[in-house]
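# Coordinate inspection notes
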Amino acid sequence: MKKSFSILLYTVIILCIPFPTTNAFVKLIPVGSKVNINYSIRTFNISYIFHQPTSVTNQSLEFQIDIKRSVKDVKLQLVYHGLTKNGTVSSVLLKRQVDLCAFLRNTKSDRLLKSVYDYINERSIIPTRCPFAPGRYYMCNIRFADVPVPAFLPESDFILDIVYYSQVRSETLVEFRLRGRLVRIVQKVLL
């Protein structure tokens, strides 16, 4: 009886102590360290700039894409690898294969890709339907800190592979690889 009374007393005391509230926003952002792009030179000419300022929240990518011939039947494969502390690939945490032409006809078919597509589409001139017509396209100011990141991904080193390919021709069109680290940023919202 005496023990339960002391537990109750401690609980009341702890609940009566005023703790300051913190109004902060925690966000998971990717911090890139290396970008690699390989592409089919018969179909594309792609140049990019990887801006890496000292502030990790201001990293960005810019792309200029020249499509030389009409591209149809495009598939997309997105693979997110977690890395161990020594840099070896530990596991595939996220893998998506999408018919890009079907996705562009109905962007609501995949919520994860739609959130990233909407972000990129606001800052770009890119094809919005298949077949992709020859021409010059670009993506500007793709800031890593602003790209929506799924909350279930762990705070760790990663490799993100995005591969565009043509299944009919069995040809890889573009391979994009981003190596980096996911970090949590705490931003004060209110004082």
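The notes below deal with the structure included here. (Residues numbered from 1 in each chain as written. Predicted model: local features only at pLDDT ≥ 70, side-chain atom pairs only at ≥ 80, totals over all residues. Heavy atoms only, no water.)

## Concerning helix H3 (residues 111-122)
With 12 residues, H3 should cover 16 Å at 1.5 Å per step; its first-to-last C-alpha distance of 17 Å lies within 8% of that length. For H3, the complete set of buried residues consists of Leu113, Tyr117 and Tyr119. Seen along its axis, H3 keeps its buried residues to an arc of 165 degrees; they face one direction. Residues of H3 that are exposed and angled more than 90 degrees away from the buried face: Arg111 and Glu122. For H3, the secondary structure elements touched by its buried residues are strand S4 (74-83), strand S5 (89-99), helix H2 (100-105) and strand S7 (135-143). (Helix = DSSP H or I, 4+ residues; strand = E, 2+ residues; numbered from the N terminus. Expected span 1.5 Å × (residues − 1). Buried < 20%, exposed > 50% of the residue type's maximum accessible area, 1.4 Å probe, protein only. Arc of directions from axis to C-beta. Contact = heavy atoms within 4.5 Å.)

## A short note on unusual backbone geometry
Residue Pro131 is bonded to the preceding Cys130 through a cis peptide linkage, with omega at -5 degrees. Counting through the fold element by element, Pro131 comes out in the loop between strand S6 (124-125) and S7. Not every positive phi belongs to a glycine, and Asp73 is a case in point at roughly 55 degrees. Of note, Asp73 is situated in the loop between strand S3 (60-67) and S4.

## Section: the state of the cysteines
One pass over the structure, following the stated rule, counts one disulfide. Here Cys101 pairs with Cys130 through a disulfide, and the sulfurs are 2.0 Å apart. Because the torsion about its S-S bond is -85 degrees, the bridge between Cys101 and Cys130 counts as left-handed. One end of the pair, Cys101, is in helix H2; the other, Cys130, is in the loop between S6 and S7, with 29 residues separating them in the sequence. Classification of Cys101 as buried rests on a relative accessible area of 8%. (Disulfide = S-S within 2.5 Å.)

## Considerations on the pairing of S4
For S4, the buried fraction is high: 10 of the 10 residues fall into the buried class. Burial of the side chains of S4 extends over both faces: Val74, Leu76, Leu78, Tyr80 and Gly82 are buried on one face and Lys75, Gln77, Val79, His81 and Leu83 on the other. Relative to strand S8 (residues 157-166), S4 runs antiparallel, the two sharing nine bridges. In the strand pairing of S8, Tyr80 is matched with Leu160. Bridge count between S4 and S5: nine bridges; the pairing is antiparallel. What sits directly across from His81, in S5, is Val92. The antiparallel pairing of S4 with S5 creates a hairpin that spans five residues between the two strands, and Gly87 there sits at a positive phi of about 95 degrees. (Pairing = 2+ DSSP bridges.)

## Description of the packing of aromatic side chains
For the structure on display, the rule yields five aromatic pairs. Plain terms: the ring middles of Tyr80 and Phe158 are 5.3 Å apart, the flat faces sit at 20 degrees to each other, and that makes the pair stacked. You can see Tyr80 sitting in strand S4 and its partner Phe158 sitting in strand S8, a full 78 residues away along the chain. Here the two residues Tyr80 and Phe158 agree in accessibility, since each one is buried. Ring geometry for Phe103 and Tyr117: centres 5.7 Å apart, planes at 90 degrees, overall edge-to-face. On the criterion of sequence distance, the pair formed by Phe103 in helix H2 and Tyr117 in helix H3 is long-range, its members being 14 residues apart. A residue is classified by how much of its surface remains accessible, and Tyr117, at 15% relative accessible area, is buried. One aromatic cluster in this structure is built from Tyr48, Phe63 and Phe176. (Phe/Tyr/Trp six-rings, centres within 6.5 Å; stacked < 30°, edge-to-face > 60°.)

## Let's talk about empty space enclosed by the protein
By the definition in use, this model includes one cavity of 30 Å³ or more. In this structure, the largest cavity spans a volume of roughly 1,200 Å³. As for the largest cavity, its lining consists of 44 residues, of which Leu76, Val116, Ile120, Ile162 and Tyr164 are closest to the centre. No other element matches H3, which puts six residues into the lining of the largest cavity. Partitioned by chemical class, the residues of the lining of the largest cavity number 44 nonpolar, no polar and no charged. (1 Å grid on protein atoms, 1.4 Å probe; cavity = no way out; pocket = protein on both sides within 12 Å on 5 of 7 lines; lining within 4 Å. Points joined across faces, edges and corners; volume = space filled by probe spheres on them. Nonpolar A, V, L, I, M, F, W, Y, C, P; charged D, E, K, R; others polar.)

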